[in-house]
Structure formats: C-alpha cells, structure tokens
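# Examining the three-dimensional arrangement
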Amino acid sequence: MTAERFGVFIGFSDVFGRNPTSEELAEVVTTFLRSQLLLGTTKVALKLKSWFSDFEPSTQDELIEGLFPLSATQVKSVRQRYPVGLVFSRLGLLYFIRQIIQFSSEFGRDISSPADLDRIGCALLMCNDLYLGYDPGPDDDVLQRAAGFLPASESLPSSGCMDEVARTLIMIRTILPRPEVRLDADYLDLAADFEGKYGLTPTQFANLICGLIVHPINLADRNDVVPNSDVLIKPDYFSRTHLDAAAVEKVMGELSSDVEELRSEMTIFDRSIDFTPIQKRPLLRMRGGHLCLDPTYIFEKAGKAFFWVLRAMYSDDKTAERLLRFWGKVFESYHDWIWEQEYQGSGQYLPSPSFGVNESDEIADAALVEEDALVLFECKASIITSAAKYSFNGTLLGRDLYKKFVQDPKEKSRLKGVGQLARSIRRLCAEDRRHVPFNMQRIEHIYSVLVTLDPIVQEPFIRQ
Amino acid sequence: MFKNRLSGNNLNEQFRTQCGDCNASETITPLFAVHISDIERLLRYTNARPFAQLIRDFARGNADAKYRAGAIADYVLPLLKRKEVKAGRDTIGQHIEGIFKEFALIFKDQ
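Residues numbered from 1 in each chain as written. Chains lettered and ligands numbered in written order. Predicted model: local features only at pLDDT ≥ 70, side-chain atom pairs only at ≥ 80, totals over all residues.

### Here we look at the nonpolar core
Counting residues in each nonpolar core, the largest one holds 151 residues, and the members touching the most others are Ala123, Ile209, Ala367, Val375, Leu376 and Val449 of chain A. The contacts of Leu376 of chain A, once residues within four sequence positions are left out, are Ile363, Ala364, Ala367, Leu421, Ser424, Ile446, Ser448 and Val449 of chain A. (Core = buried A, V, L, I, M, F, W, Y, C linked by C-beta atoms within 7 Å. Buried ≥ 20, exposed ≤ 12 C-beta atoms within 10 Å, placed from the backbone. Contact = placed C-beta atoms within 7 Å.)

Printed below as a string of structure tokens:
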C-alpha cells in the first residue's frame, strides 16, 4: 500500500537519461509569455483535479498526449514501467508556478507550435527532478528521513479539507462560547474581531471560500476546452450572493497578490520547495480577474490555515502570543467536546484530571479510563515552522518538534505535551496515587496520546 | 519498563527519555502521536470496540507502514469490517452537511 500511496514521480532524467539543471528550466520559463504559462498550468491543474487525492492513470495519459506532441512515445514508455507513475502532480505544478513567478516576464513570446508545447511538457518533467532536495541514505536516522520526505509528502493532496473546515467552524461557533473558554485568562472574542476586521462573519468567510472552490470544480467538470477568459475569477463572481460586496473585495485583497508582490515574497521564503508565498495568497491578480494558483491552498484558508487568517488580524506581538496560547485552549476544549459528542464506549472520560491535592496540578489535558486501561491525552495546537518543515534537515526539524511538543529550551521549568505526559506517568507510577480521580489499582495498561492540530504527525516517519 | 515498544527515535525517544525507567507494575505503551482527525474517526468506532484497543491497533498500523503511515482506512477499518461493524455517530460529517446547506443560502435566487 505504501508505495502506491506515495506514488513515483517520473522525471526528465527517467525519460531522457540525464539530469536537468535549474538553468535549463529557467530558460524555458523565460522564453514564453508569463500569462500564457500561468493559464496553461492552471488548465493542467484543472484537468488533473490537483486538489483530489485519488490517482487517475487515464488523466496522466491524456495529459501526456496533449503536452508532449513530440515526445509522448518516450514519456509513455517510462510511465508503463510504473503503474503509479506521476508525470503531473500538484507538487510539480506548484514548483513550476514558482519558477514562472520568479523568472518569466510579460515580454516572452506566445506558445504557438507543437515544439513549444513539448518544451513546456519537458519543463514539467524537469520540475519532478529538481524539487526533490533529498536522496535517502542508508545512514539517515528517522528524523533525517522525516525531514527529507516532509516537503514532498505535505504537498500531496489531502482528502480531509472539508473536515478541516467543519472543525474550524465548530471551534469558532460552538467552542468559543463554552464557559471554560470564555473564562480563560487569554480569552479573545475571535468571532467579533474577525467580523470587525473583514466585514464578514467566520461562517460567511467559509461560504466565500466554498464559493471560490466551486469555480475550479465546475471548470474541471466541463468536457470542452476551457477558454482562458473562463479560467479567471471575474470581479462580479460573487454579485449574485448576499455577501457584502465591499467585504468580499477586502477578503479577496487579503487572499491575493500581484506577480511583483509574490516574487518579492519568494526572495524571503527562498527555498525552492517552500510554497509559503503561494499558500499565504493563493490568488493572483491579473488583468480581468483573479487566477487561482492552487485550489487546495484556497480551501485550507477556511480549514487548517484559518489560524493564520486569525493571526493576520493582530499586528502586535503581545496579542499574537496571546492568540497562540488561547488557540491552544480552544483546541483542548474542542477535544473535550468531540469526546462528549462521539464517545460511545463504557469508559469514563475525564477532562483536566488532577492529582487531587491541587486542581491546577493536572495529570493531563484529559484521561480515559476503560476497564483496566488508562489513556492520557495531551492536546497541542502548536505549529511547526516552515523553516523547519522545508529545510530537508533532520536536526532542525527535530529541534522544532522538541520545542513545540516536548519542552521549549527557553522555558526549562515548563514541560509540554510529551514532556508533561512522561512526568505525569512517572508520578502516577511512583507517588500521588491516592487522590487521583480513578482507581490506579485496577489499571494495567497506560496509553499516552499526544493529539496535535498540526497535521505534521500524519507525515511519514514523524509519528515514530 | 516499556513493553511492546514500537521502533523509532523521534517523539517516542523523547517520551522514553523523559519518562525514565518507571519501576512500576503497569504496562506503559509507547507514545502515540496523532492528529485530531484520527481521534475524530476512531471515536466513531467506539460503539464496537474500546478506544484503547482502537488506538493500539492504529499505532501498530503506523509501525508497519513506512510511508503514509497510520491511515485508518488501511488498518483499523478492515479489522472492523471483517466483524461487520458499522460506524457510529459522525459529528464532523453532519457539520459538513450543514456547511453545504448554509453555502446554498448565500445565493440570492435561493
């Protein structure tokens, strides 16, 4: 199953027997007109349904026919060797878009001949060779392997985007009003602050994001060739909705940038596989409307990236730090809530159990007692930095994982997540057993669970 | 004492280091690091099996898989399907339906 899940990227080197250089790729990109390259890449993404996690071999073959008028036979012969071989992928397209933004211009020439199309197809193949910044070695430890695979695996489409949107809205609409959240020392009225800043409620914002996602989904379902003008999201796109026009314009402004702005962001996030600038602003302002550079990144704005939308509301560091702490509380409360809603077993779920003497002397964020099993939960809303995620460096990644989930070296007295669980288990095994809210004499198995909001723990090797 | 250890040296290594060699009679399993969506999905099957068992099987699936590890669909659900167990409440799924209904209402002609 694992290889099929991960897929095999077919590169220029597999087809033509030599490694391409980044200069070769840049040369192709600088030759052609930027707008045509961007619109063409978007059409490939639409055909591919790049937001979709399922692999569709027939789509790969159709795209090979269309984009390799001269080299299709060679590309197909390689693809036949790999049943799950990917010539076209979301990751490759993101890498290509990054190259287009960085190197192309308005003064390139039209894409006008089969040879031009074939050069672009070959450029996409080059991307598959160039974006992989890591060759696994036999001596690599688990962390190095995790860091090596993370940039690629994180860009694979996820099937859980809609779940993320639902969870985010529950956190805002259902969890924020809960008493334990409202009484938290770091409480922020996020829903009111959001409406004040953007002119839309978080629910309306999610509706707007759904509306934007409908655009590529509808285009992808059309059987005819999509005209360039239809690929753009027109300024009147939301005019038939009840959403306030000024607020829509404001949010579209927050979600978009022009080429120069995007290029300048790319000089800050300069790792070639770091797509943070596109992730931050997935819409590109063009003449005639907005171009959606990546539908998944748009969708994530109402889901796993919603925290960053909230973060953008607060410009001062002090409030931003408060938000980070408060979001952790909201997440912990959400964890309690989902257990209230869905647990159907016969065990006892205990939010914030304490060692008994002092209520603030917490064993864990939550505990579950099920017959002779004790499950302890620590919830962490911390997010691993993009610098650690896209470094290909196991040491850097390990340091950030340690800081976010075990112990911040700057706060030596305060353990987090894993550190808290370990300390509590040590205490439960050695002392303090009389006042805990369950009978430790009956416990024969202790399970410790770190629950994260950052999906990084689902990536290869991280859980181990 | 950590019986049934799984392999690896990331978060689990930290857990073992931090926890030390607890001299107790309980069996302490290794740390399970999971995303909240894993909890949401596992909870749906607590109508059929204790959560502790579900998460233990889930972690075993992770230890076996090298790449996209821990997909519930690949490990836990086939075990349940063989026993013809149906999933219970799906809170997230119900909310998704609600979101689609709300989305339809933003259009003026609805």
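Resuming the write-up.
### Describing the pairing of strand β9 (residues 445-452) of chain A
All names here are of chain A. Of all 8 residues in β9, 7 are buried; the element is thus mostly enclosed. Pairing between strand β8 (residues 373-380) and β9: 8 bridges, direction parallel. Opposite Lys380, over in β9, you have Thr452 as the bridge partner. (Helix = DSSP H or I, 4+ residues; strand = E, 2+ residues; numbered from the N terminus. Pairing = 2+ DSSP bridges.)

### A word on helix α5 (residues 57-67) of chain A
Residues and elements named next belong to chain A. Inspection of α5 places Gln60, Ile64 and Leu67 among the buried residues, and these make up the whole buried set. Buried residues of α5, viewed axially, fall in a sector of 85 degrees; they line one side. What points out from α5, more than 90 degrees from its buried face, is the exposed set Ser58 and Glu65. (Arc of directions from axis to C-beta.)

### What to know about the sheet that holds strand β5 (residues 289-292) of chain A
Residue and element names in this part refer to chain A. Pairing is mixed in the open sheet, where 3 strands are placed in the order β3-β4-β5. The open sheet has two free edges, formed respectively by β3 (256-257) and β5, since each of these has just one partner strand. Alignment of β3 against strand β4 (residues 283-286), held across 2 bridges, turns out to be parallel. Residue pairing in the sheet places Ser257 in a bridge with Leu284 of β4.

### Considerations on the packing of helix α4 (residues 34-48) of chain A against helix α7 (residues 90-103) of chain A
Residues and elements named next belong to chain A. Remark: α4 packs on α7, axes separated minimally by 10 Å, with the N-to-C direction vectors making an angle of 170 degrees. When the interaxial angle is binned, α4 and α7 end up roughly antiparallel. Across the interface between the two elements, Arg34, Leu37, Leu38, Thr41, Val44 and Ala45 of α4 pack against Leu93, Phe96, Ile97 and Ile100 of α7. (Axes fitted to C-alpha atoms, helices over the stretch in contact; angles between N-to-C directions. Parallel < 35°, antiparallel > 145°, perpendicular 65-115°, else oblique.)

### Describing the confidence of the model for chain B
All names here are of chain B. Per-chain confidence: chain B averages 65 in pLDDT, with 46% of residues scoring 70 or above. Across chain B, the element-wise mean pLDDT spans from 46 in helix α4 (residues 72-82) up to 90 in helix α2 (residues 36-43). Segment residues 21-26 is flagged for pLDDT under 50; beyond a separation of four residues in sequence, or across chains, it makes 12 contacts in the model. This model gives residues 63-84 a pLDDT under 50, and the stretch forms 41 contacts once residues within four places in sequence are excluded. (pLDDT = per-residue confidence, 0-100.)

### Let's talk about the pairing of β4 of chain A
Residue and element names in this part refer to chain A. When β4 meets β5, the two strands line up antiparallel, connected through 4 bridges. For Arg285, the partnering residue across the bridge sits in β5 and is His290. Taking the residues that link successive antiparallel strands as the turn, the β4-β5 hairpin has 2 residues, and the phi of Gly288 there is positive, at about 100 degrees.

### Quick look at the domain arrangement of chain A
Each assigned domain of chain A is listed here: domain 1 (2-130), domain 2 (188-311) and domain 3 (328-458). On a C-alpha basis, the centres of domain 2 of chain A and domain 3 of chain A stand 35 Å from each other. (Domains from an automatic or database assignment.)

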